[in-house]
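# What the coordinates show
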Amino acid sequence: MIFGRSKRKPISIPAKDVAQWKYTTCNYCSTGCAIEIGLNESGKIVTSRGHAGADVNRGKLCIKGLLEHELFDSPGRGKFPLMRDKAHLPFQPASWEVALDKTAEKIKEIQAKYGRDSFAIVSTGQLLTEEFYTLGKLVRGQIGTNNYDGNTTLCMASAVSGYKRSFGSDGPPGCYGDFEHTHCLMAFGSNLPEQHPVIYWRLKEALEKRKFPLIVVDPRVTMLAQFADIHLPITPGTDTVLINAMMHVIFKDGLQDDDYIARHTNGIDELRALVADYDPKTAQHICGIDEDRIRTVARIYARAPTAMSIWTMGINQSTHGSDGVVNINNLNLITGNIGIPGGTSLSITGQCNAMGTREWSSCSGLPGYRLLEKQADREHVADFWGIDEAFFPPARGLAQTDIFPAIETGQIKGLWLVATNPMTSMPNQPRIRKAMENLEFLVVQDVYEDVETNKYSHVFLPAAVWAEKEGCHTNTERRVNLTRNVLEPYADSKADFWIFNELSKRFADRNTIHFPATPEGAFEEMKVLSRGAGRTLDISGMSYDRIHAARGIQWPYSEEQARRDEEKIGPAAGFDMHTRQDFLGNPRLYTDGTFQTPDGRAKLIPVRFVNNNECPDAEYPFWLNSGRVVEHFHTRTRTGKIGNCNKFSPTPYMEMNPDAADELGIEHASYVRLVSRRGDAVVMVQLTQRVARDMLFIPFHFHDCVNRLTLGLLDPYSRQPAFKQNAVRVEQIDQREAARLNMERRAF
Ligand code: SF4
């Protein structure tokens, strides 16, 4: 028998019999990759591929996008509405008419008995923008509860809050194209290769063309840290100290951009005074980064002709999340790195349409970045919808993370969850479970009826998934892209847009508002609302056809700009591929140094560090950190159903340093019990040098795992939980018992 390369058969991927390709946009992360779905002669979906003409991904997709077409007939999908009187009874199938009547009736009953705000609504970052707008209209204009939020509070709220505090408005000011221009990139708590693989590919490509320093700040040696020129393994939750110390060095060395500071900012004296206290010599003992290293990084960043910062959950999921974002903005403002090619503060958003909900869902106010607290905004939206402005609450209500404690105390009696799964995603899971059991009425609207939270519901509304619907997403770089309706909703599930429209009819007795019949109709309405001189969030020049032709357009894109673009290419050019470069919108905000504050200047806000983290101690000696793996998205509601995603990442695990394991007599691939002040979890051990001796890391996707342990202290500005700063201990356990316990806990 002869072995060897010459006798091996090459791997061949069978050609798919594709009769037509349909355009859409990925519905997982915020990168915003354009996808084409391949259908065979009989209209069956057989494959997907990245769209080569889309500027975002240029033909690339990660494993999730490549397999996304398998979602359509994945197991566990909701086929028809379900109802029951009590959460422990079996569900009975119901018609849409009956299920929606029951939902509206119960909302009204609870509001009549306990007050309008006693019914809460929590949505997601994964609907289409037109659906967010329609839900916002239903909630703000008809249902009238003020306790309405999105699960984006768990991931992006600190970025939103930090942008608003520094620049006067939400909206990431940069774009992926900045990688091509920057001379230094600093990544804070952002593991791009696993979280946003295609953005990572864009960065890698830029680095291969033109070398510039990549500095990664992360307590763990993540995949991105392994590719960095400098890795700063920071003590969890102390980023603001590091940045203060960097600014201390910049001011001391006179490396700041005095001209930019004088022309475009307020607050320089206060900032200088505060960072004077953060000498690197002192700061190193708090943030764990050597003083010389702090000086080196500060000088590289400030001396670079342009420099940019990106960040993800490592900054946002902290009690100092909003302050961390403000301090990144401070760093970029004092070095003149805002609104220029290669100079920016770019938050890398989490969910595919977290931006869409920030812009249009009215969760934190009114549509189009308008505020409940601003009289002119209230009147404008009320007039546009044809309702009395007094119907709006005077100020924003509870955030998602405050809604669950309010259920515990009985302030909130009913809840409607839309495409979110708090039983897995919220910190301190034992407490969330008790809160769910307290509810008089719970509606779960989701693609999957086996989602963990549905265990507690009274009504289940089955929603259509991804390209069974039509509408837009906005990605991390403010690019609006289109998901085309590729096939009909599964079984008797319905598009979320349809569900909101049907419910609006049942609340018309409160306020009669016009709800467009199609997502495109809703988009046209949003365009009108977005118009206005000086507004950054202007989408008035976009249309579905134009977005499709351009493979996504970045806002602001005004009617005037659209007219100019049309004149440039001539009216007969249509929307073919060759014209797409003419419809890309605006890649950057604040290019003229004018911000959305009353005087047009950005605010330099001094950030003093107060250590309020739950830190390791003698009883709980390890930091517990959490994050993503590339194969899964959020709580695995969808990726947990995809064969290859599960095959490559089948089970939760815990990264542990081999030296720490040795001290405790713990072996690779054994089970251990983790204990925190909240609860316990059983996890398999993976020994690796990626984590320090006093740190453990667990992927956050799995049910009944890391969030049984997390505390989730809240950021005072954004109300975002500190998922990444918790203290735990590790206990050895009987291996058979552990395997049994694990199976039992995960079986739902
Ligand atoms: Fe989808 Fe994000 Fe992967 Fe692109 S990188 S294919 S948007 S999950």
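Residues numbered from 1 in each chain as written. Predicted model: local features only at pLDDT ≥ 70, side-chain atom pairs only at ≥ 80, totals over all residues. Heavy atoms only, no water.

### Side note on the site of the ligand
For the ligand, the full set of nearby residues is Cys26, Tyr28, Cys29, Thr31, Gly32, Cys33, Leu61, Cys62, Lys64, Gly65, Pro197 and Val198. Among the elements of the structure, α1 (63-66) and α6 (197-209) are those that each provide at least two residues to the shell around the ligand. Here the shell around the ligand is composed, by residue class, of eight nonpolar, three polar and one charged. (Near = heavy atom within 4 Å. Helix = DSSP H or I, 4+ residues; strand = E, 2+ residues; numbered from the N terminus. Nonpolar A, V, L, I, M, F, W, Y, C, P; charged D, E, K, R; others polar.)

### Considerations on the domain arrangement of the chain
The domain boundaries assigned to the chain delineate domain 1 (20-71), domain 2 (82-155 + 353-536), domain 3 (173-348) and domain 4 (622-747). Placing the centre of domain 3 and that of domain 4 at their C-alpha centroids yields a distance of 29 Å. Opposite the 21 residues of domain 3 that make contact, domain 4 presents 22 residues. Taken together, the two surfaces of domain 3 and domain 4 that pack against each other cover about 1,800 Å², and 55% of this comes from carbon and sulfur. Area buried by domain 3 at its contact with domain 4 is led by Arg220, Gln317 and Thr319, which between them contribute 37% of it. Its salt-bridge partner being Glu655, residue Arg220 comes within 2.9 Å of it at the nearest N-O pair. Linking domain 3 with domain 4 are six residue pairs in polar contact (both at pLDDT 80 or more). Taken together, the elements giving at least two residues each to the side of domain 3 that touches domain 4 come down to α5 (192-195), α13 (313-316) and α14 (321-334). (Domains from an automatic or database assignment. Contact = heavy atoms within 4.5 Å. Buried area = accessible area lost by both parts, 1.4 Å probe. Salt bridge = Lys/Arg side-chain N within 4 Å of Asp/Glu carboxyl O. Polar contact = N/O pair within 3.5 Å; in protein donor to acceptor, adjacent residues only side chain to side chain.)

### With respect to unusual backbone geometry
Here the amide bond leading from Trp555 into Pro556 is cis, since omega sits at 5°, within 30 degrees of zero. Among the structural elements, Pro556 can be located in the loop between β19 (553-554) and α23 (559-569). Even without being glycine, Tyr369 reaches a positive phi, approximately 60°. With respect to the helices, strands and loops of the structure, Tyr369 is situated in the loop between α15 (354-360) and α16 (375-385). Its identity is not glycine, yet Arg636 carries a phi of approximately 65°, on the positive side. Within the secondary structure, Arg636 sits in the loop between β21 (622-627) and α24 (643-648).

### Quick look at the packing of helix α2 (residues 96-114) against helix α20 (residues 496-505)
Where α2 contacts α20, the axes come no closer than 10 Å and their chain directions differ by 60°. When the axes of α2 and α20 are compared, the pair comes out oblique. Two packed elements cross with a definite hand, and for α2 against α20 that hand is right-handed. Side by side, α2 and α20 meet where Trp96, Leu100, Thr103 and Ala104 of the first sit next to Trp498, Ile499, Glu502 and Leu503 of the second. Its residues placed into classes, the contact of α2 with α20 shows six nonpolar, one polar and one charged. (Axes fitted to C-alpha atoms, helices over the stretch in contact; angles between N-to-C directions. Parallel < 35°, antiparallel > 145°, perpendicular 65-115°, else oblique. Left-handed = near helix turned anticlockwise from the far one by under 90°.)

### Brief notes about the side chain of Ser626
With respect to the helices and strands, Ser626 occurs in strand β21. Discounting residues that sit within four places of it in the chain, Ser626 has contacts with Phe697, Ile698, Phe700, Val706, Phe723 and Lys724.

### Quick word on the nonpolar core
Of all hydrophobic cores here, the largest spans 115 residues; its most connected members are Met186, Leu242 and Trp416. Tallying contributions element by element places helix α8 (residues 239-252) first for this core, with nine residues. Mapping this core onto the domain boundaries places at least three of its residues in each of domain 2 (82-155 + 353-536) and domain 3 (173-348). Not counting residues within four places of it along the chain, the set of residues in contact with Met186 comprises Ile215, Val217, Leu232, Leu242, Met246, Val297, Tyr301, Met308, Ser309 and Ile310. (Core = buried A, V, L, I, M, F, W, Y, C linked by side-chain atoms within 4.5 Å. Buried < 20%, exposed > 50% of the residue type's maximum accessible area, 1.4 Å probe, protein only.)

### Quick look at helix α17 (residues 400-408)
Most of α17 sits inside the fold, with seven of its nine residues counted as buried. Within the sequence span of α17, burial applies to Gln400, Thr401, Asp402, Ile403, Phe404, Ala406 and Ile407. Residues of α17 that are buried make contact with β6 (119-123), β7 (148-150), β14 (414-418), α18 (422-425) and α19 (429-437). Of the residues one or two after α17, Gly410 is the one with positive phi, at around 90°.

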